[in-house]
Amino acid sequence: MPAMDQATMEQMVRSSIQKFKINDDVSIEDAIDSMMLRANNLNFKLVADLPLSEQVKAMGEKANYMRILAFCDALIAKRMVEHDIIFAGFLPCRIAVLKDAKGQGWIVTMNMDMMVQGVSLPEDLQVLAEKVRDTIYSIVDAGVTGDL
């Protein structure tokens, strides 16, 4: 891998992530409920639920709310990894729900367009990658707006 300067690497990392402000009239709990309902309606399974702030509190420290939800369509995941093992590093699709120091709710996830456009895929897998992207963004949107 060619050497990169710190600024280039930071730009790459920041470009690979997207953050979305949860609407002020939507509670964290409503955002999570909305995302879980949307995922279920779109046949994306919740495969992990990591209440990180609760773990930090159990270890004796204060923490702002932080919870990581992971969603997946196992059949699509299987096909993507069979095509190129690098996709295993993106599995499952993670969505972080958190509050910042000011109490503002945020949803943070991978920039799905980078995954879809960053590699060359055969047409059948391109369609599946776009489906995953659209599904994750729909789940995020449900959380942002509290749309049940």
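Residues numbered from 1 in each chain as written. Predicted model: local features only at pLDDT ≥ 70, side-chain atom pairs only at ≥ 80, totals over all residues. Heavy atoms only, no water.

What about the overall build of the protein?
What counts, and what does not: Helix and strand labels come from DSSP, where a helix needs a run of H or I of at least four residues and a strand needs a run of E of at least two; each type is numbered from the N terminus. To get the radius of gyration, use the C-alpha atoms; to get the globule rule, take the number of residues to the power 0.38 and multiply by 2.2 Å. Burial classification: accessible surface area is computed with a 1.4 Å probe over protein chains only, and a residue below 20% of its type maximum counts as buried, one above 50% as exposed, and the rest as partly exposed. Contacts: residue pairs with any heavy atoms within 4.5 Å of one another. For accessible areas, the Shrake-Rupley method is used with a probe of radius 1.4 Å. Any residue's cover is judged against the shown protein chains and nothing else. Within this scheme the basic residues Lys and Arg register as positive and the acidic residues Asp and Glu register as negative, but His and the chain ends are omitted. Working definition for charges: the position is that of NZ of Lys, CZ of Arg, CG of Asp or CD of Glu.
Looking only at helices and strands, the protein has six helices and five strands in total. Helices and strands appear in the protein in the N-to-C order α-β-α-β-α-β-α-β-β-α-α. Taken over the C-alpha trace, the protein has a radius of gyration of 16 Å; the compact-globule value for 148 residues is 15 Å, and the two agree within 12%. Every one of the 148 residues in the protein was classed for burial, and the buried ones make up 34%. Of all intrachain contacts in the protein linking residues separated by at least 6 positions in sequence, the fraction that spans at least 24 positions is 69%. Summed over all atoms, the accessible surface of the protein reaches about 9,100 Å², with 56% contributed by carbon and sulfur. The centroid of the 15 positive side-chain charges in the protein is displaced by 4 Å from the centroid of its 21 negative side-chain charges.

Some words on the pattern of salt bridges
What counts, and what does not: Put simply, a salt bridge is a Lys or Arg side-chain nitrogen that is within 4 Å of an Asp or Glu carboxyl oxygen.
Enumeration according to the criterion identifies nine salt bridges in this entry. Between E10 and R14 there is a salt bridge, with its nearest N and O atoms 3.0 Å apart. Taken together, the residues span about one helical turn, with E10 and R14 both in helix 1 (residues 6–15) at a distance of four residues. Look at E10 and you get partly exposed, because its relative accessible area is 40%. Here R14 falls in the exposed class, since its relative accessible area comes to 62%. The closest approach of N and O atoms between R38 and D147, which form a salt bridge, is 2.7 Å. Placement of R38 in helix 2 (residues 28–41) and of D147 in the segment after helix 6 (123–145) is noted, with a sequence separation of 109 residues between them. Judged by relative accessible area, D147 falls into the partly exposed class, the value being 41%.

Some remarks on helix 4 (residues 74–83)
Just so we agree on the cut-off: To obtain the arc, one takes the directions from the helix axis to the C-beta atoms. Throughout this description, a polar contact denotes any pair of N or O atoms lying within 3.5 Å of each other; where both atoms belong to protein, one of them has to be capable of donating a hydrogen while the other can accept it, and for residues adjacent in sequence the pair is counted only when both atoms sit in side chains.
For helix 4, the full list of buried residues reads I76, A77 and M80. Down the axis of helix 4, the sector holding all buried residues measures 100°, keeping them to one side. More than 90 degrees from the buried face of helix 4, the exposed residues found are A74, L75 and E82. On its buried face, helix 4 sits against strand 3 (66–72) and helix 6. The backbone nitrogen of L75 has a side-chain oxygen 3.1 Å away, supplied by the residue at the start of helix 4, namely D73.

Topic: the packing of aromatic side chains
The following threshold applies: Two rings belonging to Phe, Tyr or Trp (six-membered ring only in the last case) form a pair when the distance between their centres is within 6.5 Å. Interplanar angles under 30 degrees mark stacking, angles over 60 mark edge-to-face geometry, and anything in between is tilted. Put simply, a charge is over a ring when the Lys NZ or the Arg CZ is close to the ring centre, within 6 Å, and near the line of the ring normal, within 35 degrees.
Applying the stated criterion across every chain, the model contains one aromatic pair. Measuring from ring centre to ring centre gives 6.3 Å for F87 and F90, while their planes differ by 45°; the resulting arrangement is tilted. Owing to a relative accessible area of 4%, F87 belongs among the buried residues under this scheme. The ring of W106 carries K19 above its face, with NZ or CZ at 5.2 Å from the centroid.

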